[in-house]
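The residues making up each chain are set out below.
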Amino acid sequence: MAKMEVKSSLLDNMIGVGDMVLLEPLNEETFIGNLKKRFDHNEIYTYIGSVVISVNPYRSLPIYSPEKVEDYRNRNFYELSPHIFALSDEAYRSLRDQDKDQCILITGESGAGKTEASKLVMSYVAAVCGKGAEVNEVKEQLLQSNPVLEAFGNAKTVRNDNSSRFGKYMDIEFDFKGDPLGGVISNYLLEKSRVVKQPRGERNFHVFYQLLSGASEELLQKLKLERDFSRYNYLSLDSAKVNGVDDAANFRTVRNAMQIVGFTDHETESVLEVVAAVLKLGNIEFKPESRVNGLDESKIKDKNELKEICELTSIDQLVLERAFSFRTVEAKQEKVSTTLNVAQAYYARDALAKNLYSRLFSWLVNRINESIKAQTKVRKKVMGVLDIYGFEIFEDNSFEQFIINYCNEKLQQIFIELTLKEEQEEYIREDIEWTHIDYFNNAIICDLIENNTNGILAMLDEECLRPGTVTDETFLEKLNQVCATHQHFESRMSKCSRFLNDTTLPHSCFRIQHYAGKVLYQVEGFVDKNNDLLYRDLSQAMWKAGHALIKSLFPEGNPAKVNLKRPPTAGSQFKASVATLMKNLQTKNPNYIRCIKPNDKKAAHIFNESLVCHQIRYLGLLENVRVRRAGYAFRQAYEPCLERYKMLCKQTWPHWKGPARSGVEVLFNELAIPMEEYSFGRSKIFIRNPRTLFQLEDIRKQRLEDLATLIQKIYRGWKCRTHFLLMKKSQVVIAAWCRRYAQQKRYQKIKSSALVIQSYIRGWKARKLLRELKHQKRCKEAATTIAAYWHGTQVRREYRKFFRANAGKKIYEFTLQRIVQKYFLEMKNKMPSLSPIDKNWPPRPYLFLDSTHKELKRIFHLWRCKKYRDQFSDQQKLIYEEKLEASELFKDKKALYPSSVGQPFQGAYLEINKNPKYKKLKDAIEEKIIIAEVVNKINRANGKSTSRIFLLTNNNLLLADQKSGQIKSEVPLVDVTKVSMSSQNDGFFAVHLKEGSEAASKGDFLFSSDHLIEMATKLYRTTLSQTNQKLNIEISDEFLVQFRQDKVCVKFIQGAQKNGSVPTCKRRNNRLLEVAVP
Ligand SMILES: Nc1ncnc2c1ncn2[C@@H]1O[C@H](COP(=O)(O)OP(=O)(O)OP(=O)(O)O)[C@@H](O)[C@H]1O
Ligand SMILES: [Mg+2]
């Protein structure tokens, strides 16, 4: 969708009128009223045609934001509400697009906002012009020149805390694309008297305070300064601090700005040294000294300050001291030196300070120009911004006011000239008949001041150059003679009798009727100030300085270039520079900003009507409006005009196809606007009276309302219709859904009813079938039953005779079954304990169950034994295995056996590990010891016994001495062939050895032991496990043993006992050994 472009206009939402040209009726009262109304609504800008009136708001308004810049960018001048940006944009665009050099003339009295306006213009242009690193650097340098110049050229005055004490004109240069290239600044007439003296409530130039507040201790020391303002005679004390101004911070800003602009560190340092020197000059004081020849002479009171100044500036102290004491006048190759009295010395000191400072200021401007000048030689387009002091009327007006007002007079003239010229040019351009306009031309006042032969400035110069005594009074006399008849000159002393009795006009004054009002000038000081005299001795002393900057400031001090001609006077210098300025301005397209100060208190929201009235008068603003309105008050290009009013006529609404001009013609005809009220230019319509315009606006407003109603009506109708159509469509959808839903419901109901009926019928049918089937079944069953009964009766009748024969057997079996059942059930309750040695067993109930009962007892015993065995650990199992082995070997064979059953088999009865006596024995045996026990070895020869340690290991049988533990014999188990013993209750046993083996050399062994059963068992088991052969164990009361070569019979005799219950042994002969057993 194409974006709808809404054309706005200055006339929209206007507060009062945005353009004074539209003011009806036009008089001072309505003019001020309009300004006030707009001011009260924060509209500080108002137009007079293309001139912008700016009323100082004395507070920051949110109307300078980057968004605002965007709003005003590339918009027509009258499209938006009045703004300084609109003027800046217009000027910049016509510079860029139409190649017209521009100048922006900002006027107004002190504190009206000129400097702020000039900065706003510059910042707007900087914001909208080209971008890029190089361009940005140029912009930054141009903008940063402001803080530097303000620090040195601005001061706090009673009217303005940041009053510009010099006039400034800055040319900003652009290339063909509209990108800034550089700039040139011109300065006018710095108010240098401020350096040495300030009126009450005012300050010296900012830089002095900034330096003392913001410089580091180190810098102050270097400049030989102290931070205390009161130390310096040139600094007024009563307003050293300005509210809301941070001098120290500003000092940093200024230094930073100087750096950006391109000052080297050395240059900055030099500048500050000059500032310090000026400050210190003020502290030099003189005292009178009478000479013998009667002449007054002065002497410096305290030379310390002088010394420091000389150190700072590298001036020979003697030279400077002399310059303060003597004055050399050169005339006709003659040099005459006269001494200075105290007053002259002070005059010389102050003149030096003022000159130093003002020349420093000019140097600064030149230095900035050097930095910001355009680097290329291509043709440049120029936009000049003039921020110059406005018209001044004080109680005491002196030379400065005279000069300033002269400048304003010139500006007013150029304003009138250019405005009229522009107006006339526009009429010619638009082919409209030019009507003569009456206006006050102030050229006559300019002439009074600047005329080369009898102008006031020429008179003053003449007086200054005239030989003989020249005073302010002689100058006034001369004026009275020459200008007396001028209608704008008034003086008591003039020949014109009009003022002879005018008491408001003192004798030492003259009055000029400026275009902006009458101003009374005190003639005192005119001559001096115009002369602006600096004694040559001082300028020469300065030239001799080692300080390069100071030296360069006083070129006339160079003796080689002595110029006896007087330097141009201040007045003529100023006149010349104003003339150059005017020439410059005349070549450019002017844009005016007229600044107005709403009150004297620097306060926001206060609008002092009488003050404003005064300014409006001397700025000639009403005049301005009249000029603008003389022919036609309002003009507008055809396109925007048609665009704005096309709705007032049927033919042009909503679209006009033809050219805009004919559209406007049709429109105006249709509206029946009287012919004399307007005129058609080439590109614009000219409206004579604002009233006509307002009528048009009223009709438009009414028409807009009607149109709004129409649009509203159509819109509402459309909205209702769409709403209705939507409702209708929705209704159809809803109805369809409802019907469908109802049908669905009905269908479901019918379906479920059908199902119910269906199920009833089916149920009924099924039940009927069931009944039939049941009936059939019952019939069948009845037949079967009857048949069964019949068959039963038949069979019973048949079998009755067999029944009696089997009855006894059946009853017996049944009874037996019952008894056995009962037996088992009772047994269950009478079971003995699970201990294997428990011998209890319930008595047998029936004889016929005897065998069963015994079997049951056996099974139960086996079962509990198993249970008992299952609890054994491996260790226990081994023990029982051994015991079992013993029982298998000896039970019922040897009488000794029963007594061994209860003894546990311990094996190692002798603990040879623990007994240190057997340590050697233990070390000798590496294998596991199975038996270690003391046995009696029977002597083969006599049957006596000796104690021996009997050791059985896995593979060997060892005999050791009981006392010493020494091994006596060692028999490998493989060599043991048999063990023999009696069947009696004794512990004797013989160990038979394999014939021919090494161990068998002495013959078989015969032992007696308390643990025979255990030892034999273990020997048997060990042999079996090691050799896999069953050891032969012979149990007999008579057996043969091999003692060396002899076979000896061992015979056991029972009961043949002599010494108690211990068995004894006796060798009877070679062939017999008898053992008596109790
Ligand atoms: N547009 C503005 N918005 C806000 N404050 C403003 C504006 N214009 C001026 N002022 C205020 O008014 C003060 C004085 O303005 P400015 O220094 O521009 O006056 P001036 O006309 O240059 O005076 P002088 O002739 O003494 O130099 C400013 O310091 C600022 O506080
Ligand atoms: Mg200013």
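Note that residues are indexed from 1 along each chain, following the sequence as it is written. Each chain is given a letter, starting from A, and each ligand a number, starting from 1, according to the order in which they appear as written. Since the coordinates come from a predicted model, pLDDT governs what is reported: local features require at least 70, and pairs of side-chain atoms require 80 or more to be given and counted, while whole-chain, interface and lining totals use all residues. Hydrogens and water molecules were not included; the side-chain quantities draw on all heavy atoms of the structure.

Engineer: For this particular structure, what's the right way to read the overall build of the protein chain?
Structural biologist: Helix and strand content of the protein chain: 30 helices and 31 strands. Computed over C-alpha atoms, the radius of gyration of the protein chain comes to 73 Å, more than 25% over the 31 Å expected from 2.2 N^0.38 for 1078 residues, which places it beyond the range of a compact globule. Any residue under 20% of the maximum accessible area for its type is buried, any over 50% is exposed, and the rest in between are partly exposed; the area is computed with a 1.4 Å probe on protein chains only. Evaluated residue by residue, the protein chain yields a buried proportion of 47% over its 1078 residues. Residue contacts are defined here by distance: any two heavy atoms, one from each residue, within 4.5 Å place the two residues in contact. Considering only contacts in the protein chain between residues 6 or more positions apart, those separated by 24 or more positions represent 63%. For the accessible areas, the method is Shrake-Rupley and the probe is 1.4 Å, while residue cover comes only from the protein chains on display. Here the protein chain displays about 58,100 Å² of accessible surface, and carbon together with sulfur accounts for 53% of that area. Only four residue types enter the charge count, namely Lys and Arg as positive and Asp and Glu as negative; His and the chain termini do not. In plain terms, the charge of a residue is placed at NZ if it is Lys, CZ if Arg, CG if Asp and CD if Glu. Looking at charge distribution, the protein chain has the averaged site of its 166 positive side-chain charges lying 19 Å from that of its 132 negative ones. In DSSP terms, a helix is any run of H or I states spanning at least four residues, a strand is any run of E spanning at least two, and both are numbered starting from the N terminus. Only the C-alpha atoms count toward the radius of gyration. The rule for a globule is 2.2 Å times the residue count to the power 0.38.

Engineer: What is the right way to look at the side chain of His488 in this model?
Structural biologist: By secondary structure assignment, the location of His488 is in the loop between helix H16 (472-483) and strand S13 (489-490). Its relative accessible area of 8% is what places His488 among the buried residues. Setting aside residues up to four positions removed in sequence, His488 forms contacts with Phe440, Ile444, Ile445, Leu448, Arg511, Ile512 and Gln513.

Engineer: Just checking my understanding: could you explain the coordination of the magnesium ion (ligand 2) for this structure?
Structural biologist: Each donor-metal-donor angle in an ideal tetrahedron of four donors is 109.5 degrees, and each such angle in an ideal octahedron of six donors is either 90 or 180 degrees. Thr115 (OG1) and Ser164 (OG) make up the full set of protein donors to the magnesium ion (ligand 2), lying at 1.8 to 2.1 Å. Of this pair, Thr115 sits in helix H4 (residues 114-128) while Ser164 sits in strand S5 (residues 163-164), and the two are 49 residues apart along the sequence. In this description, a donor is an N, O or S atom within 2.8 Å of the metal centre, a cutoff extended to 3.2 Å for sodium, potassium and calcium. Water is not part of the atom list, which can make sites seem incomplete.

Engineer: Sorry if this is basic, but what is going on with unusual backbone geometry here?
Structural biologist: When glycine is set aside, most residues are seen to have a negative phi, and most peptide bonds are trans. The omega torsion of the bond from Glu24 to Pro25 falls at -10 degrees, within 30 degrees of zero and hence cis. For Pro25, the location among the structural elements is in the segment before helix H1 (28-40). Here the residue pair Trp653 and Pro654 is connected by a cis peptide bond, since its omega of 0 degrees sits within 30 degrees of zero. Of note, Pro654 is situated in the loop between helix H23 (638-645) and helix H24 (660-670).

Engineer: What is the right way to read the sheet that holds S13 from this model?
Structural biologist: In a beta sheet, neighbouring strands pair by backbone hydrogen bonds and run either parallel or antiparallel. A strand pair is defined by DSSP finding two or more bridges across the two strands. With respect to topology, three strands assemble into an open sheet ordered S13-S14-S15, the strand pairing being antiparallel. Strands with a single pairing partner mark the edges of an open sheet, and in this sheet they are S13 and strand S15 (517-522). Inspection of the sheet shows S13 paired to strand S14 (residues 509-514) by two bridges, in the antiparallel sense. Directly across from Glu490, in S14, lies its bridge partner Arg511.

Engineer: Looking at this structure, I do not really get the site of ligand 1. What am I missing?
Structural biologist: Lining the immediate surroundings of ligand 1 are 17 residues, of which Ser110, Lys114, Thr115, Ser163 and Ser164 lie closest. The separation between an oxygen atom of ligand 1 and a polar side-chain atom of Ser163 is 2.5 Å. Calculation on ligand 1 without its partners gives an accessible area of 620 Å², and the protein chains cover 86% of this total. Breaking the shell around ligand 1 down by element, the ones donating at least two residues are H4 and S5. Sort the elements by how many residues they give to the shell around ligand 1 and H4 lands first, with three residues. Gly falls in the polar group here, along with every residue not listed as nonpolar (Ala, Val, Leu, Ile, Met, Phe, Trp, Tyr, Cys, Pro) or charged (Asp, Glu, Lys, Arg). Per-class residue counts for the shell around ligand 1 are four nonpolar, nine polar and four charged. A cutoff of 4 Å decides nearness: a residue is near a molecule or strand if any of its heavy atoms lies inside that distance of it. Within 3.5 Å is the distance limit for a polar contact, defined as a pair of N or O atoms, with the added protein rule that one can donate a hydrogen and the other accept it, and that residues adjacent in sequence qualify only through two side-chain atoms.

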